[in-house]
Amino acid sequence: MPPLNIIVACAEGARLYAALETAMAAAALGAPTRLFLQGEAVALLRPPIGFAGDAARNAAGQPDLASMIEEAAAMDVGLFACQSGMALAGLTAPEIPPHVRAAGLVGFLAAVEASDRLVVY
């Protein structure tokens, strides 16, 4: 399976959750997978991590957003936070989860090969 690169382009918890589900499914199938939170989406990493849908997901026996981020990292999904987005959100590197790396969009896209898949949420 070709590598999968995902960009989350807005600060909606449900979109990030769906992107994480997609990334984890691809990783489970053996695809190298990376996820980039662009711009305002980085605000979703503000501690404590969560979104309005967490309660319903927990009630249904599903993990919350913070747990999904942890599980994705454990599955070797590369997680990246936009440096400009960090500045917009007023977040510094020590404030985001340790397995999320600060990066720029140009650098993220430079690593996307012609045969890779690129999805934007």
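Residues numbered from 1 in each chain as written. Predicted model: local features only at pLDDT ≥ 70, side-chain atom pairs only at ≥ 80, totals over all residues. Heavy atoms only, no water.

### Quick word on a nonpolar patch on the surface
Together, Leu109, Leu118 and Val120 line one region of the surface with nonpolar side chains, adding up to about 250 Å² of accessible area. Turning to its location among the elements, Leu118 is positioned in strand β5 (residues 117–120). (Patch = residues over 30% accessible without salt bridge, like charges linked within 9 Å, V, L, I, M, F, W, Y side chains within 5 Å. Areas by Shrake-Rupley, 256 points an atom, 1.4 Å probe, with all protein chains shown as cover. Salt bridge = Lys/Arg side-chain N within 4 Å of Asp/Glu carboxyl O. Helix = DSSP H or I, 4+ residues; strand = E, 2+ residues; numbered from the N terminus.)

### Quick word on the packing of aromatic side chains
The full count for this structure, using the stated rule, is three aromatic pairs. Judged by centre distance (6.1 Å) and plane angle (40°), the ring pair of Tyr17 and Phe51 falls under tilted. Of the two residues, Tyr17 is situated in helix α1 (residues 13–28) and Phe51 in the loop between β2 (33–37) and α2 (54–59); the sequence distance between them amounts to 34 residues. Taking relative accessible area as the criterion, Phe51 reaches 18% and is therefore assigned buried. Among the aromatic side chains, those forming a connected cluster through ring pairs are Phe36, Phe80 and Phe108. The cationic tip of Arg34 hangs over the ring face of Phe108; the distance from NZ or CZ to the ring centre is 3.9 Å. (Phe/Tyr/Trp six-rings, centres within 6.5 Å; stacked < 30°, edge-to-face > 60°. Buried < 20%, exposed > 50% of the residue type's maximum accessible area, 1.4 Å probe, protein only. Lys NZ or Arg CZ within 6 Å of the ring centre and 35° of its normal.)

### Examining the environment of Pro97
For Pro97, the location among the structural elements is in the loop between α4 (83–89) and β4 (100–103). Sequence separation between Pro97 and Ala114 is 17 residues; the distance between their C-alpha atoms is 30 Å. Residue contacts for Pro97: discarding those within four places in its chain leaves Leu45 and Ile49. (Contact = heavy atoms within 4.5 Å.)

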